[in-house]
Amino acid sequence: MQILLVDDDDVAVESVIRSMKKFEVTFPIVVAEDGQIALDILRGTHPTRKLEAPFLILLDLNMPNLNGFEFLEAVRRDPELNRAIVFVLTTSGSDADKIKAYNENIAGYMVKNMVGPQFSRLFTLLNNYAETVAMPV
Amino acid sequence: MTALKAEKDNDFYAETIINSMPHLVDALPANDALEMNILLVDDDDVAVENVMRSIKKLGVQFPVVVAEDGQDALDILHEKHPEKKIKAPYVVLLDLKMPRMDGFEFLETIRQDAKLESTVVFVLTTSDSNLDRAKAYNENIAGYMLKDTTTIFNWLFSLLPKYTNFVNLLNLSNQKRSSSERN
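Let me begin by describing the structure that accompanies this report. Nothing here was measured: the structure is a model prediction, and the numbers come from that model.

### Some points on the overall build of chain B
Along chain B, the regular secondary structure elements total eight helices and five strands. Mapped in sequence order, the helices and strands of chain B form the string α-α-β-α-β-α-β-α-β-α-β-α-α. Residue pairs at least 24 apart in sequence account for 71% of intrachain contacts in chain B once pairs closer than 6 positions are excluded. Counting every atom, chain B has about 8,500 Å² of accessible surface; 49% of that belongs to carbon and sulfur.

### What about the packing of helix α5 (residues 120-132) of chain A against helix α7 (residues 149-166) of chain B?
Interhelical geometry of α5(A) versus α7(B) gives an angle of 150 degrees and a closest axis separation of 9 Å. For the element pair α5(A) / α7(B), the angle class is roughly antiparallel. Regarding α5(A) and α7(B), the two cross each other, and that crossing is left-handed. The segment α5(A) lies against α7(B), with Arg121(A), Leu122(A), Thr124(A), Leu125(A), Asn128(A), Tyr129(A), Glu131(A) and Thr132(A) engaging Thr151(B), Asn154(B), Trp155(B), Ser158(B), Leu159(B), Lys162(B), Tyr163(B), Asn165(B) and Phe166(B). Its residues assigned to classes, the contact of α5(A) with α7(B) shows seven nonpolar, seven polar and three charged.

### Some words on the interface of chain A and chain B
With 32 residues of chain A at the contact, the number on the chain B side is 32 residues. The three residues of chain A that bury the most area against chain B are Ile99(A), Tyr102(A) and Thr132(A), which together make up 21% of that side's buried surface. Inspection of the chain A/chain B interface yields 14 residue pairs in polar contact (both at pLDDT 80 or more). Those elements that place two or more of their residues in the side of chain A that touches chain B are β4 (85-90), α4 (95-103), β5 (108-111) and α5 of chain A. Ranked by the residues each element gives to the side of chain A that touches chain B, the list is headed by α5(A), at eight residues. Here the residues of the side of chain A that touches chain B are counted per class, giving 19 nonpolar, seven polar and six charged.

### Regarding the sheet that holds β4(A)
Residues and elements named next belong to chain A. If you trace the five strands from one edge of the open sheet to the other, you get β2-β1-β3-β4-β5, paired in parallel fashion. Of all strands in the sheet, those with a lone pairing partner are β2 (29-32) and β5, marking the two edges. Ignoring which end each strand starts from, the neighbouring axes of this sheet average 20 degrees apart. Relative to β4, strand β3 (residues 55-59) runs parallel, the two being bridged by four bridges. Opposite Leu-58, over in β4, you have Phe-87 as the bridge partner.

### Description of empty space enclosed by the protein
Per the stated rule, a full pass over the model turns up two cavities of 30 Å³ or more. What the second largest cavity holds in volume is close to 30 Å³. Around the second largest cavity sit Arg76(A), Arg83(A), Ala84(A), Ile85(A), Val86(A), Asn105(A), Ala107(A), Tyr137(B), Asn140(B), Ile141(B) and Ala142(B), which together line it. When the residues that make up the lining of the second largest cavity are grouped by side-chain class, the tally is seven nonpolar, two polar and two charged.

### Thoughts on the pattern of salt bridges
A pair can form between side chains of opposite charge whenever their charged atoms are brought close. Residues and elements named next belong to chain A. Taken as a whole and judged by the stated rule, the model has twelve salt bridges over all chains. Residues Arg-49 and Glu-33 are paired through a salt bridge, measuring 3.0 Å at the closest nitrogen-oxygen approach. Placement of Arg-49 in the loop between α2 (35-42) and β3 and of Glu-33 in the loop between β2 and α2 is noted, with a sequence separation of 16 residues between them. On the basis of relative accessible area, Arg-49 is assigned to the partly exposed category, the value being 26%. The partner of Asp-60 in a salt bridge is Lys-112, with the nearest N and O atoms 3.8 Å apart. Here Lys-112 lies in the loop between β5 and α5 and Asp-60 lies in the loop between β3 and α3 (68-77), a separation of 52 residues in the sequence. One exposure class covers both Asp-60 and Lys-112, and it is buried. Among the charged side chains, a salt-bridge network with shared partners connects Asp-7, Asp-60 and Lys-112.

### Some points on the packing of aromatic side chains
Applying the stated criterion across every chain yields a total of four aromatic pairs over all chains. Plain terms: the ring middles of Phe122(B) and Trp155(B) are 5.4 Å apart, the flat faces sit at 65 degrees to each other, and that makes the pair edge-to-face. In this pair, Phe122(B) sits in strand β4 (residues 121-125) while Trp155(B) sits in helix α7, placing the two residues 33 residues apart along the sequence. Geometrically, the ring pair formed by Tyr137(B) and Tyr144(B) is tilted, given 6.5 Å between the ring centres and 35 degrees between the ring planes. Neither residue differs from the other here; Tyr137(B) and Tyr144(B) are each classed as buried. Through a chain of ring-to-ring contacts, three or more aromatic side chains come together here, namely Phe122(B), Trp155(B) and Tyr163(B). Across the ring face of Phe69(A), the terminal group of Lys100(A) is positioned such that the distance to the ring centre comes to 4.2 Å. Against the face of Phe104(B) rests Lys135(B), its NZ or CZ located 4.1 Å from the ring centre.

### Regarding α4(A)
Residue and element names in this part refer to chain A. Every buried residue of α4 is accounted for by Asp-97, Lys-98, Ile-99, Ala-101 and Tyr-102. At the N-terminal end of α4, a side-chain oxygen is found 3.3 Å from the backbone nitrogen of Ala-96, two or three residues along, and the residue is Ser-94. Looking one or two residues beyond α4, the residue adopting positive phi is Asn-105, at roughly 55 degrees.

Parameters and conventions
- Residues numbered from 1 in each chain as written.
- Chains lettered and ligands numbered in written order.
- Predicted model: local features only at pLDDT ≥ 70, side-chain atom pairs only at ≥ 80, totals over all residues.
- Heavy atoms only, no water.
- Helix = DSSP H or I, 4+ residues; strand = E, 2+ residues; numbered from the N terminus.
- Contact = heavy atoms within 4.5 Å.
- Areas by Shrake-Rupley, 256 points an atom, 1.4 Å probe, with all protein chains shown as cover.
- Axes fitted to C-alpha atoms, helices over the stretch in contact; angles between N-to-C directions.
- Parallel < 35°, antiparallel > 145°, perpendicular 65-115°, else oblique.
- Left-handed = near helix turned anticlockwise from the far one by under 90°.
- Nonpolar A, V, L, I, M, F, W, Y, C, P; charged D, E, K, R; others polar.
- Buried area = accessible area lost by both parts, 1.4 Å probe.
- Polar contact = N/O pair within 3.5 Å; in protein donor to acceptor, adjacent residues only side chain to side chain.
- Pairing = 2+ DSSP bridges.
- 1 Å grid on protein atoms, 1.4 Å probe; cavity = no way out; pocket = protein on both sides within 12 Å on 5 of 7 lines; lining within 4 Å.
- Points joined across faces, edges and corners; volume = space filled by probe spheres on them.
- Salt bridge = Lys/Arg side-chain N within 4 Å of Asp/Glu carboxyl O.
- Buried < 20%, exposed > 50% of the residue type's maximum accessible area, 1.4 Å probe, protein only.
- Phe/Tyr/Trp six-rings, centres within 6.5 Å; stacked < 30°, edge-to-face > 60°.
- Lys NZ or Arg CZ within 6 Å of the ring centre and 35° of its normal.

Keep in mind these values describe shape, not function.
What follows is the structure, encoded as structure tokens:
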């Protein structure tokens, strides 16, 4: 399983990658700095970054260019991308954001400070997820 | 599979898993930290019994409401069922092959229903067909799982407790409140 990590926050991205190494999690990660870059990667039009199936998406919400909600809408409207599994990973604990995200049928909404320290709980979840679920083909 | 064989398999897996992963048993959060209800939609008595026994064996206390088919599940979710009620937050554990309204019809219906469109659904099925898997993911399920005892255990024992602990599920009463606030 590969992970597309969509987040413009360098520190968050670095924390996730370091944490993966620390917990010896071996999911290859492709990083996208915003929703538009993520769409380019998913559509295979990004000049350098490639993502291979099966994958899941870890999505931040507040980003420049194309934010998390706009990205979700674009994914769900695109018949080639619609079936993607998306977990939201955000600093926002707002009910309105949570509702908007679940309305786009995300697999789960996670608040960043709940999955610490160092995202450790995130990787136990992803490990269990990869072991239990048959990913989209 | 006979009920007796299912029970034996179930006991075997429960003991194997618990014996091989005592650290996970210790790591399980206190039951009062877990707030999750399961709507199990399955017409197969043996499968339902398998899930129930797994829950009992593992000591996790996820309240389960059983619906025999998709229509029964819709009635429960719309609070129109005469007896069965489900509390938020919940996830749906959905079989695909059922009489009256099957899993795909159920998924299509809830995705077009303003009240239920955001429901988190895991599929639990005996079908390993790529076509069924693709169809289910096209309805934006949270995960497609093959119906075997090990998977049921993994889901209940490993994935769901973590999911419950830090995945923020939508509480439908919040949704209603926020909608009315917006209006």
